[in-house]
Amino acid sequence: MTLSPELSFTESEIDLLARTADALSAYMGKPVLAEIIDDADIGAECVLFAVPLAPGDEREDIVKVTIGGEDARFVGNRGGLSADDDDPMECEFLWGIQLSDLEGVRFIKLDGTGEEVAWTSDLRDILPFALIEDIVPEDDDDDDPDEDATKDDGAGQADPMDVQELTRRTLH
């Protein structure tokens, strides 16, 4: 089944999803996998976020999903796991996002049990981290480039509240 472009993630959305998986891996201290799947039941793409289970992990209180396989579409760096491994992995399902064709709703967030918990037209609204693009200040011809490099608080140290410096910090 071929999905319409409206029900497929865009390149910029895929980038946000990949950075989210990488940030979650760093935050949790373990690999968080994000795989885009074509959900034939709803006719749209979905992304699943999951953590691989350790061998012998038989917990009953979690939702398990199988991630990976020969044609898997992982986004992000896979939490440091080998990219050569095509074997499916049993994982704990953390949450997911499915695309929607409902008016005013492009994304539906699923919780760890698969229940729909949030709806939005802006992907950033349902991500666990505020991922922002680098804000580059407008080039002002009157500014001396050496002047900005020597800006300080009068005590010989750079001003920690300099707005230009704060807007350059991003989560990757």
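Residues numbered from 1 in each chain as written. Predicted model: local features only at pLDDT ≥ 70, side-chain atom pairs only at ≥ 80, totals over all residues. Heavy atoms only, no water.

Attention shifts here to the overall build of the chain. Looking only at helices and strands, one finds three helices and seven strands in the chain. In the chain, which comprises 172 residues, the share counted as buried stands at 36%. Expressed as a percentage of contacts within the chain between residues at least 6 apart in sequence, the contacts between residues at least 24 apart total 56%. Summed over all atoms, the accessible surface of the chain reaches about 10,800 Å², with 47% contributed by carbon and sulfur. (Helix = DSSP H or I, 4+ residues; strand = E, 2+ residues; numbered from the N terminus. Buried < 20%, exposed > 50% of the residue type's maximum accessible area, 1.4 Å probe, protein only. Contact = heavy atoms within 4.5 Å. Areas by Shrake-Rupley, 256 points an atom, 1.4 Å probe, with all protein chains shown as cover.)

When strand E6 (residues 107–110) meets strand E7 (residues 116–120), the two strands line up antiparallel, connected through four bridges. Across the sheet, the residue bridging to leucine 110 is glutamate 116, located in E7. Counted along the chain from E6 to the antiparallel partner E7, the turn is five residues long, and its residue glycine 114 has a positive phi close to 90°. (Pairing = 2+ DSSP bridges.)

This paragraph deals with the nonpolar core. Core analysis: the largest hydrophobic core is formed by 26 residues, its most contacted members being Phe9, Leu17, Val47, Phe49, Ile97 and Leu123. Counting residues per element, this core draws most heavily on helix H1 (residues 11–28), which supplies seven residues. When near neighbours in sequence (up to four residues on either side) are disregarded, phenylalanine 9 contacts Ile14, Leu17, Ile36, Glu45, Cys46, Val47, Ile97, Leu99, Arg106 and Phe107. Leu33, Ala50, Ile67 and Met89 belong to the second-largest nonpolar core, a separate cluster that totals nine residues. (Core = buried A, V, L, I, M, F, W, Y, C linked by side-chain atoms within 4.5 Å.)

An ideal rise of 1.5 Å per residue puts 26 Å on 18 residues; H1 measures up with 26 Å between its terminal C-alpha atoms. Taken together, the buried positions of H1 are Glu13, Ile14, Leu16, Leu17, Ala18, Arg19, Thr20, Ala21, Ala23, Leu24 and Ser25. In this fold, the buried residues of H1 make contact with strand E1 (33–39), strand E2 (44–52), strand E4 (73–75), strand E5 (89–99) and E6. Immediately beyond the C-terminal end of H1, within one or two residues, lies glycine 29, with a positive phi of roughly 75°. (Expected span 1.5 Å × (residues − 1).)

In low-pLDDT regions, the fine details of the predicted coordinates are not to be read closely. Per-residue confidence for the chain averages 80 on the pLDDT scale, and 72% of its residues sit at or above 70. Contacts of residues 149–154 to residues separated by more than four positions or lying in other chains number nine contacts, the stretch itself having pLDDT below 50. (pLDDT = per-residue confidence, 0-100.)

Moving on, we come to the pattern of salt bridges. Two side chains of opposite charge can pair, provided their charged atoms sit close to one another. Applying the stated criterion to the full structure yields six salt bridges. With a shortest N-O distance of 3.7 Å, aspartate 38 and arginine 73 are connected by a salt bridge. With aspartate 38 in strand E1 and arginine 73 in strand E4, the pair connects residues that are 35 residues apart, well separated along the chain. (Salt bridge = Lys/Arg side-chain N within 4 Å of Asp/Glu carboxyl O.)

Below, the discussion takes up the packing of aromatic side chains. Scanning all chains against the criterion turns up one aromatic pair. Centroid distance phenylalanine 49 to tryptophan 95: 4.1 Å. Interplanar angle 10°. Geometry classified as stacked. Of this pair, phenylalanine 49 sits in strand E2 while tryptophan 95 sits in strand E5, placing them 46 residues apart in sequence. Directly above the aromatic system of phenylalanine 74 lies the positively charged group of arginine 78, at a separation of 4.2 Å from the ring centroid. Over the face of the ring belonging to tryptophan 95 we find lysine 109, whose NZ or CZ atom lies 4.8 Å from the ring centre. (Phe/Tyr/Trp six-rings, centres within 6.5 Å; stacked < 30°, edge-to-face > 60°. Lys NZ or Arg CZ within 6 Å of the ring centre and 35° of its normal.)

We now examine the pairing of E1. The buried fraction of E1 amounts to five of the seven residues, a majority that puts the element mostly inside the structure. Sheet topology places E1 next to E2; seven bridges connect them, and they run antiparallel. Residue pairing in the sheet places isoleucine 37 in a bridge with cysteine 46 of E2. In textbook terms, the turn of a hairpin is the stretch between consecutive antiparallel strands, and for E1 and E2 this stretch comprises four residues, one of which, glycine 43, has a positive phi near 70°. Where E1 lies against E4, three bridges are found, and the strand directions are antiparallel. Bridge pairing in E4 places glutamate 35 opposite phenylalanine 74.

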